[in-house]
Amino acid sequence: MSRLLAATLTVVLAAALAVGAALGVVALLEATPDQPNNPLITYEQAGQGS
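Everything numeric in this text was worked out from a predicted model, so none of it was measured. (Residues numbered from 1 in each chain as written. Predicted model: local features only at pLDDT ≥ 70, side-chain atom pairs only at ≥ 80, totals over all residues. Heavy atoms only, no water.)

> It is not clear to me how the overall build of the chain should be interpreted in this structure. Could you clarify?
Summing up its helical and strand segments, the chain has one helix and zero strands in all. Taking 50 residues into account, the globule formula puts the C-alpha radius of gyration at 10 Å, and the chain, at 26 Å, lies well above it. Counting only C-alpha atoms and orienting by the principal axes, one finds that the chain spans roughly 85 × 25 × 10 Å. In the chain, which comprises 50 residues, the share counted as buried stands at 0%. Of the roughly 5,200 Å² of accessible surface on the chain, 67% is carried by carbon and sulfur atoms. (Helix = DSSP H or I, 4+ residues; strand = E, 2+ residues; numbered from the N terminus. Rg over C-alpha atoms; globule rule 2.2 N^0.38 Å. Buried < 20%, exposed > 50% of the residue type's maximum accessible area, 1.4 Å probe, protein only. Areas by Shrake-Rupley, 256 points an atom, 1.4 Å probe, with all protein chains shown as cover.)

> Sorry, what's going on with the environment of P36 here?
With respect to the element layout, P36 can be found in the segment after α1 (2–31). Of the residues examined, P36 reaches a relative accessible area of 61% and is grouped as exposed. For the pair P36 and T8, spaced 28 residues apart in the sequence, the C-alpha separation amounts to 47 Å.

> When you look at α1 in this model, what are you seeing that I'm missing?
For the α-helix, the turn length of 3.6 residues means that residues three or four positions removed from each other point alike. With 30 residues, α1 extends 43 Å between its outermost C-alpha atoms, agreeing within 8% with the 44 Å of an ideal straight helix rising 1.5 Å per residue. Burial runs low along α1: only zero of the 30 residues are buried. (Expected span 1.5 Å × (residues − 1).)

> Help me understand a nonpolar patch on the surface, please; the structure alone is not making it clear to me.
A contiguous nonpolar surface patch, about 480 Å² in accessible area, is contributed by L40, I41 and Y43. Examined against the element boundaries, L40 turns out to sit in the segment after α1. (Patch = residues over 30% accessible without salt bridge, like charges linked within 9 Å, V, L, I, M, F, W, Y side chains within 5 Å. Salt bridge = Lys/Arg side-chain N within 4 Å of Asp/Glu carboxyl O.)

Here is the structure:
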């Protein structure tokens, strides 16, 4: 019975650790500021005649 209890506690601890890590990653991603979406290359609009 003690092995079953140990296995159950291990599974519960692993699940709690996984949830905590996921929440930590989400918190880190939300803490970083959004980067500006500026294009490196811009093209001027050419006239419509050919």
